[in-house]
Amino acid sequence: MSSSKALSSPPPHGSDIHATWTFLEQGIDQIMNRLEDGLTYKRYMEIYTVIYNYCTTKTTNDGMSASIQTRGATLGGSDLYSHLMRYFHKHLDVIRKDSEKFMDVSLLEYYTKQWVKFTNASTYVHHLFTYLNRHWVKREIDEGRKTVHDVGTLALVSWKDSLFSHVERNVMTAVLQLIERQRNGESVETGLLRNVVTSFVSLGLDENDSKKTTLEIYRDFFEKPFVSATEVYYKMESEKFLSENSVTEYMKKAEARLAEEESRVQMYLHASTHKPLIQTCETVLVKGHTEIIWEEFQNLLNQDKQDDLFRMFSLLLRIPEGLDPLRARFEAHVRKAGLSAIEKIATDAEALEPKVYVDALLEVHKKYNDLVQTAFRGEAGFVASLDKACREFVNRNKICKSSTSKSPEQLARYCDSLLRKSAKNPEESDLEDILNSIMTVFKYVEDKDVFQKFYSKMLAKRLVNGTSASDDAEASMISKLKEACGFEYTSKLQRMFTDMGLSKELNDAFRDKMAQNHDASDNTVDFSILVLGTASWPLQAPSTSFNLPDDVVKTYERFQRFYQDKHSGRKLNWLFQLSKADLKTNYTKGNKTGYSFQVSTYQMGILLQYNSGLVYSLEDLQTQTNLNMDILTGALGILVKAKVLLLETGENVGDAGTRYELNTEFKSKKIRVNLNLPLKAEQKVETEETHKTIEEDRKLLMQAAIVRIMKTRKVMKHGALMTEVITQLQTRFKPRVPDIKKCIDVLLEKEYIERVDGQKDTFSYVA
């Protein structure tokens, strides 16, 4: 090469190590100490060529010929490597002695300056000795010499042995002081710290493979003392801060400190330090003061300090089981708030409006659900605590003292008020939101079978009386119930709507038939009917006999024949107590056009008697209508109160011998007068009947569950059977243990199951 010819005083060609090293040392010294002055390409190539020539010489020091060229390289490389190693140690001894003049920050400045200078220079040297690395060093490493490294690694090993091992303690002391100053709010040169960290990481060399690095040096000499110092610093600071400030202020301080340490890792620490550093900070700043933080939780809840609650949640989330006490206290707080809200409105449980009750439950749930979502970020443990608390105060509050079925009953009544036609009906968009909120309360109701019974009864009334506000809203509610409880829960409700559609078709067919077979003058009664399936509709049979008035008997009989012709084998059971009629008056003197009375079928039976006379005794009316005395008295009471009939003799309606006269002077501001009013006594009886039905249904459900379980398991212990029954039925209601025991006794009597001989608490299934 042309550059090699430019050597001003070339060393003797061959294997003279002394001449060769004298020449090389000048060049290496220039690189190691005066690299900033520059190194020409020509000079670089001169040094490289001398090394190459020395390594490729075929003659050893004693003049003997090597058999192959690579053998010569092997012999020549050893001396060159030894001289270079001694040079590094000598060079670093000078740096070490100079470092003794410096302390603290000045030591860090000196150390990092020398580190950067040394590593840059050694990179050049490493490349100069490429041929040595490629042959002699590689051969030595392959033969298992762990003390031989490539030149770049040799430089690092030399730094570690000749400098680092002597100054690392003073360097770390200076590093920790600098970091403490930064923690105290001073501005420091983070570049110094970053370079120190880089040097500690770079010096971690793998003994088995010098090309690989480990973090052993960094962990032992930097990370451990750094983390220990951090622990001591924050322990002192946190105790002092807490003694002088409130818990909420301390949480802000802890949060800020944790954020600082997170950014410290990003700024100059190795990423592997993140875990031990943050864990130590969390232990000292949070775990060490959990008791004090936990105690503050109740105050923050009482004052609804959402920001502080979120801060507390975020801090305690960092430590194992840190949130457990908060969840328990949150649950107790929500339960107390719910019970207190109901107590405020529960002055008269019987007269309490369902809307007021449900709104009170929803208000508490909404408040704390919002808190869970914002302050606790919807964490599963707090959601579970909220659910447990809500389940508790929804099912066991002051209103539910007599029975846990009060909540589902009130909820069903609220649904009825929303879905029934009234002047207070909400807009459809608002109604959907209200129905969704009702489902929130429904989720917590334990006795879902009670809700189902009351809801189906009220739905039946709305459909029979035509008072449903919206078919879409009805369908939406049933869809929500189906989604929450499954198809079986709503199957009867859906069949009720099917029956309504079929009844409409049946009415149309009957009218067409009557129009074909009879003159218009013969069809004097405008007749409409609902034919409803007994299995799907929760309707009771009439509690009294009743003689239909002659005016409607003909139509009644015609429909009977029509239906039997259409569906032979089916039996119609007439529910007159649910029927109603519109009567047109032609007798009132005060109104020429007459009034239209909306009446029950029983009231119709009474009033139509007055087409034949103006005055009837109680006994006459009972004979004509065949109603029992309680029903007759109730119907007459409404008619007398509305002054349609006048009590002619006697003091009280229903007394023996009382006579009732048609009031021809009747006056009303309304043309349509509604006399079909439910009696409070009837409503109370109906509610009691519903509860009785529920209890009977529950017994059957429990018995069916026991038989189903025993049929599958064949043999079961008493405790396991009880647990399984409760598990299977808890989605509908919470079975009581005494009730399950009674059902087991019934099934033992009926011989569905039997006791296993010699084992009192074990049952077997009787096939």
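Preceding this paragraph is the structure being described.
Residues numbered from 1 in each chain as written. Predicted model: local features only at pLDDT ≥ 70, side-chain atom pairs only at ≥ 80, totals over all residues. Heavy atoms only, no water.

Caption draft 1: Seen up close, the overall build of the protein chain. The helix and strand tally for the protein chain stands at 27 helices and 9 strands. Taking 2.2 N^0.38 as the reference for a compact globule, 767 residues should give roughly 27 Å; the C-alpha atoms of the protein chain span a radius of gyration of 49 Å, well beyond that estimate. Overall, the protein chain is about 155 × 70 × 65 Å in size when its C-alpha atoms are taken along their principal axes. Counting every position in the protein chain, which comprises 767 residues, the buried fraction comes to 45%. Residue pairs at least 24 apart in sequence account for 70% of intrachain contacts in the protein chain once pairs closer than 6 positions are excluded. Of the roughly 40700 Å² that the protein chain leaves accessible, carbon and sulfur atoms contribute 50%. (Helix = DSSP H or I, 4+ residues; strand = E, 2+ residues; numbered from the N terminus. Rg over C-alpha atoms; globule rule 2.2 N^0.38 Å. Buried < 20%, exposed > 50% of the residue type's maximum accessible area, 1.4 Å probe, protein only. Contact = heavy atoms within 4.5 Å. Areas by Shrake-Rupley, 256 points an atom, 1.4 Å probe, with all protein chains shown as cover.)

Caption draft 2: Broad picture of the packing of helix 19 (residues 471-485) against helix 20 (residues 487-517). Relative to each other, helix 19 and helix 20 sit at 160°, their axes nearing to 8 Å. Judged on the interaxial angle alone, helix 20 and helix 19 are roughly antiparallel. Read as a crossing pair, helix 19 and helix 20 show a hand that is left-handed. Packed against helix 19, whose contacting residues are Glu 474, Ile 478, Leu 481, Lys 482 and Cys 485, the element helix 20 presents Phe 487, Tyr 489, Thr 490, Leu 493, Gln 494 and Phe 497 at the interface. (Axes fitted to C-alpha atoms, helices over the stretch in contact; angles between N-to-C directions. Parallel < 35°, antiparallel > 145°, perpendicular 65-115°, else oblique. Left-handed = near helix turned anticlockwise from the far one by under 90°.)

Caption draft 3: Region of the structure containing the pairing of strand 5 (residues 659-662). Residues Tyr 660 and Leu 662 of strand 5 are buried on one face, while the alternating residues Arg 659 and Glu 661, pointing to the opposite face, are not. As defined by bridge partners, strand 3 (residues 615-617) adjoins strand 5 across 3 bridges and the pair is classed as antiparallel. For Tyr 616, the partnering residue across the bridge sits in strand 5 and is Tyr 660. Relative to strand 5, strand 4 (residues 645-649) runs antiparallel, the two being bridged by 4 bridges. Paired with Leu 646 across the strands is Glu 661, a residue of strand 5. (Pairing = 2+ DSSP bridges.)

Caption draft 4: Expanded view of the environment of Gly 637. Relative to the helices and strands, Gly 637 resides in helix 24 (residues 629-641). Spatially, the C-alpha atom of Gly 637 lies 9.0 Å from that of Asn 652, the residues being 15 residues apart in sequence.

Caption draft 5: Molecular detail of helix 10 (residues 274-285). Its 12 residues place the ends of helix 10 16 Å apart at the C-alpha level, agreeing with the 16 Å of an ideal helix rising 1.5 Å per residue. Along helix 10, the positions that sit buried rather than exposed are Leu 277, Ile 278, Thr 280, Cys 281, Glu 282, Val 284 and Leu 285. Lining the buried residues of helix 10 we find helix 6 (151-183), helix 8 (216-244) and helix 9 (247-267). (Expected span 1.5 Å × (residues − 1).)

Caption draft 6: Looking closely at unusual backbone geometry. Even without being glycine, Asp 304 reaches a positive phi, approximately 55°. Mapped onto the elements of the fold, Asp 304 is located in the loop between helix 11 (290-303) and helix 12 (306-316). Its relative accessible area of 37% is what places Asp 304 among the partly exposed residues. Of note in the backbone geometry, Arg 377 takes a positive phi value of approximately 50° without being a glycine.

Caption draft 7: Representation of the packing of helix 17 (residues 428-444) against helix 19 within the structure. In the contact formed by helix 17 and helix 19, the axes pass within 11 Å of each other and the chain directions differ by 30°. The angle between helix 17 and helix 19 falls in the class roughly parallel. Crossing of helix 17 over helix 19 shows right-handed handedness. From helix 17, Leu 431, Glu 432, Leu 435, Asn 436, Ile 438, Met 439 and Phe 442 reach across to helix 19, where they touch Ala 473, Ser 476, Met 477, Lys 480, Leu 481, Ala 484 and Cys 485.

Caption draft 8: Inspection of the pattern of salt bridges at higher detail. Under the criterion given, the structure shown has 40 salt bridges. Lys 388 is paired through a salt bridge with Glu 331; the nearest N and O atoms lie 3.7 Å apart. Highlighted residues: Lys 388 in helix 15 (residues 380-395) and Glu 331 in helix 13 (residues 324-345), separated in sequence by 57 residues. Taking the relative accessible area as the measure of exposure, Glu 331 reaches 15% and is therefore buried. (Salt bridge = Lys/Arg side-chain N within 4 Å of Asp/Glu carboxyl O.)

Caption draft 9: Just a negative patch on the surface, in detail. Among the surface-exposed residues, Glu 427, Glu 428, Asp 430, Asp 433, Asp 471 and Asp 472 lie close enough to one another that they form a single negatively charged patch. Going through the elements one at a time, helix 17 and helix 19 are the ones with two or more residues in the negative patch. The element best represented in the negative patch is helix 17, accounting for 3 residues. The residue Glu 427 is located in the loop between helix 16 (406-419) and helix 17 in this model. (Patch = residues over 30% accessible without salt bridge, like charges linked within 9 Å, V, L, I, M, F, W, Y side chains within 5 Å. Lys, Arg positive; Asp, Glu negative; His and termini not counted. Charge placed at Lys NZ, Arg CZ, Asp CG, Glu CD.)

Caption draft 10: A look at the sheet that holds strand 4. Read from one edge of the open sheet, 3 strands run 3-5-4, paired in antiparallel fashion. The sheet terminates laterally at strand 3 and strand 4, the two strands that pair on one side only. Each strand of the sheet is rotated relative to its neighbour by a mean of 30°, with strand direction disregarded. Against the sheet, helix 24 contacts strand 4 and strand 5, and its axis sits at roughly 105° relative to strand 4.

Caption draft 11: Just the packing of aromatic side chains, in detail. Within the structure shown, the criterion is met by 40 aromatic pairs. Relative to Tyr 131, the ring of Tyr 52 lies with its centre 4.9 Å away and its plane at 75°, an arrangement referred to as edge-to-face. With Tyr 52 in helix 2 (residues 41-55) and Tyr 131 in helix 5 (residues 130-142), the pair connects residues that are 79 residues apart, well separated along the chain. Measuring from ring centre to ring centre gives 6.3 Å for Phe 297 and Phe 376, while their planes differ by 40°; the resulting arrangement is tilted. Taken as a pair, Phe 297 in helix 11 and Phe 376 in the loop between helix 14 (354-374) and helix 15 lie far apart in primary sequence, 79 residues in all. Residue classification places Phe 297 among the buried positions, given a relative accessible area of 0%. Residue Phe 376 is classed as buried on the basis of its relative accessible area of 0%. Site record: aromatic cluster; members linked through ring pairs are Phe 510, Phe 527, Phe 546, Tyr 556, Phe 559, Phe 562, Tyr 563, Trp 574, Phe 576 and Tyr 602. Its guanidinium or amino end placed over the ring of Phe 23, Arg 43 lies 5.4 Å from that ring's centre, counting from NZ or CZ. Geometry around Tyr 233 places Arg 183 over its ring, the cationic atom sitting 5.7 Å from the centre. (Phe/Tyr/Trp six-rings, centres within 6.5 Å; stacked < 30°, edge-to-face > 60°. Lys NZ or Arg CZ within 6 Å of the ring centre and 35° of its normal.)

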